[in-house]
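Notes for the structure review
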Amino acid sequence: MGTLRRTLRALSILCLAPSAGVSCGDQSLQRDTASSIADTSIERTYNFSTIGQVTLVDRGPRCATLSVDGVIAFINCFDFDRLPGVVYFDNANGLMLMAVDSGDLVSFPDRGVRVFSSSEHYVAAQLNSQMSLNDLRFTVVSPQRVRMCLIRVHTFTHCL
């Protein structure tokens, strides 16, 4: 399993090929992605909101609990099937909970995102205070394929 994850992680890096000039698909999305990847290579200082101990409880593929310092921030179930998807976002702290398919490995190329916890079905992360949810780009590695994703207006997730 560890070898498979390392292999899939290496494949996700290959998906960053648009920054090296390799192109396919929607050119406008590639320009956005390539410029954001190029921006991450510039040394930046990130400011994160102060947040306490984040605890994620995976209650199955459609239900989760997220708490901060023992106070429940999110406890709910959902019924949408389009994954990955953001099920909770606290704009004041940049705290988000993303639902993913079982077996998917999510990585964030921007160091302005820090992951607090992940499970089989969820990823709990925090965006830096200069980022909005609409700026979020991430890679999803599944046993079938590797996808580069970004979140557009109204938390719509678009994956290539």
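This text follows the structure it describes.
Residues numbered from 1 in each chain as written. Predicted model: local features only at pLDDT ≥ 70, side-chain atom pairs only at ≥ 80, totals over all residues. Heavy atoms only, no water.

As a further point, take the pairing of strand β8 (residues 122-127). Within β8, six of the six residues are buried, which leaves it mostly tucked inside the rest of the structure. Alternating residues of β8 divide into Tyr122, Ala124 and Gln126 and Val123, Ala125 and Leu127, and every residue in both groups is buried. Of the pairings in the sheet, the one linking strand β5 (residues 95-99) to β8 comprises five bridges and is antiparallel in character. Bridged to leucine 97 within β8 is alanine 124. In this structure, strand β7 (residues 113-118) lies alongside β8, joined through five bridges in antiparallel fashion. The partner of valine 115 across the bridge, within β8, is alanine 125. Two successive antiparallel strands, β7 and β8, enclose a turn made up of three residues. (Buried < 20%, exposed > 50% of the residue type's maximum accessible area, 1.4 Å probe, protein only. Helix = DSSP H or I, 4+ residues; strand = E, 2+ residues; numbered from the N terminus. Pairing = 2+ DSSP bridges.)

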